[in-house]
Structures are given as C-alpha cells and as structure tokens.
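If you want the building blocks of each chain, they are given just below.
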Amino acid sequence: MNHQHRYRVDVEWTGNLGTGTDGYRNYSRDHVIRIAGKAELAGSSDPSFRGDATRHNPEDMLVTALSTCHMLSYLHMATVAGVVVTAYTDAAEGTMVAEGDGGRFAEVVLHPVVTISAASDPARAEAAHETAHHACFIANSVNFPVRCEPRIVVESA
C-alpha cells in the first residue's frame, strides 16, 4: 500500500542589499528556511558562488539528508537484525561538478563508523548497511551514486 507524505518548507530570500538583482555582485545569496514548529535555518549559497560560509547551503543540506537518512534507516535495520548499536558517526562527502551555468552531483560517499555491543554480530552489522541503503528514501530519490564505506567497531566485553 502506498502512503503519501508531504513536506512543506517556506523559503524567503533576504539578500536584497537595496538594488535587488541589478548586478551579479550586488545582492546577497542569504535566505531563511522555515519549517513549521522547527528552528529556522540560515541559508546561503556555497562560498564559491558568492555565498556566506557561515550559513547552510543547498549542497551541504543534500549531503546531510543522504547521511542522516542512511543513519536512521541503518539504526532500524540493525535493530531488526538483532544488532545493538551504541554509537554512530558519519563523515559524508559529496562531489559536485560545475557545468556551464549549472552543475550536478557526481556522487556522495558515506563513511559511517558504527560501534556495536560485544554480543552483536559484526557481519550482520555490516549487512544492515546494504539493507538500509535500499530503504533510504533520499538515496532512492537522487540520480547519482551514493556509496557507503562503513567501519564496524565492536565494544570490548
């Protein structure tokens, strides 16, 4: 059975420095992202595209969405597999290629480090990454490769 889920995001450009977009260098890329009931996110473009490095940019948020979706899917799949996860970190990296006036992501590589209890099976912990990858809504929605290079750490007994 298919169930639709809808997500509403309000975005407001706040970068009019007084003359609008009358020149490429005459406006800021700053914007605010609002989602009902959640803290606002201060956004901009990547500094390479005249953005503010202290604000979130769409490229960072895409890599973040892939990393966190995989993590949440993984935690579920690990639980189903009987693997007790006690810690999880990821240092995800995305590669974007600029082409003409636009560009595209070429790939995202996830580098999760998963710590499991001494009683858990490392092979099952490893296998849960593949299952999680196929369950991740965001990874299933992009048109570029998302690779996962996990490392499993077993707690000492």
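Here the structure is shown first, and the text comes after it.
What counts, and where the lines are drawn
Residues numbered from 1 in each chain as written. Predicted model: local features only at pLDDT ≥ 70, side-chain atom pairs only at ≥ 80, totals over all residues. Heavy atoms only, no water. Patch = residues over 30% accessible without salt bridge, like charges linked within 9 Å, V, L, I, M, F, W, Y side chains within 5 Å. Areas by Shrake-Rupley, 256 points an atom, 1.4 Å probe, with all protein chains shown as cover. Salt bridge = Lys/Arg side-chain N within 4 Å of Asp/Glu carboxyl O. Helix = DSSP H or I, 4+ residues; strand = E, 2+ residues; numbered from the N terminus. Buried < 20%, exposed > 50% of the residue type's maximum accessible area, 1.4 Å probe, protein only. Expected span 1.5 Å × (residues − 1). Polar contact = N/O pair within 3.5 Å; in protein donor to acceptor, adjacent residues only side chain to side chain. 1 Å grid on protein atoms, 1.4 Å probe; cavity = no way out; pocket = protein on both sides within 12 Å on 5 of 7 lines; lining within 4 Å. Points joined across faces, edges and corners; volume = space filled by probe spheres on them. Nonpolar A, V, L, I, M, F, W, Y, C, P; charged D, E, K, R; others polar.

S.K.: Help me out: how do you make sense of a nonpolar patch on the surface in this one?
M.R.: There is a patch of nonpolar side chains on the surface, built from Y24, F49 and M96 and spanning about 290 Å² of accessible area. Within the secondary structure, M96 is located in strand β5 (residues 93-99). With relative accessibility at 33%, the residue M96 sits in the partly exposed group.

S.K.: Honestly, helix α1 (residues 58-80) in this entry has me stumped. Any pointers?
M.R.: Two residues of an α-helix separated by three or four positions point the same way, owing to the 3.6 residues in each turn. Here α1 is 23 residues long and its end C-alpha atoms lie 33 Å apart, about the 33 Å a rise of 1.5 Å per residue gives. Those residues of α1 not exposed but buried are V63, L66, S67, C69, H70, S73, Y74, M77 and A78. Where α1 starts, the residue carrying a side-chain oxygen 3.0 Å from the main-chain nitrogen of E59 turns out to be N57. After α1 finishes, the residue G82 shows a positive phi value of roughly 80°.

S.K.: Explain the layout of surface pockets here, please?
M.R.: Unoccupied space between atoms shows up once a probe the size of one water molecule is rolled over them. By volume, the largest pocket amounts to about 450 Å³. Taken together, Y7, R8, V9, V11, H31, I33, I35, A36, K38, A39, L41 and M61 make up the full set of residues lining the largest pocket. Its residues placed into classes, the lining of the largest pocket shows 9 nonpolar, 1 polar and 2 charged. By volume, the second largest pocket is sized at about 170 Å³. What lines the second largest pocket is simply Y7, A65, T68, C69, L72, S73, F137 and I138. A class-by-class count of the residues in the lining of the second largest pocket yields 6 nonpolar, 2 polar and no charged.

Bear in mind that shape data such as this cannot, by itself, settle questions of function.
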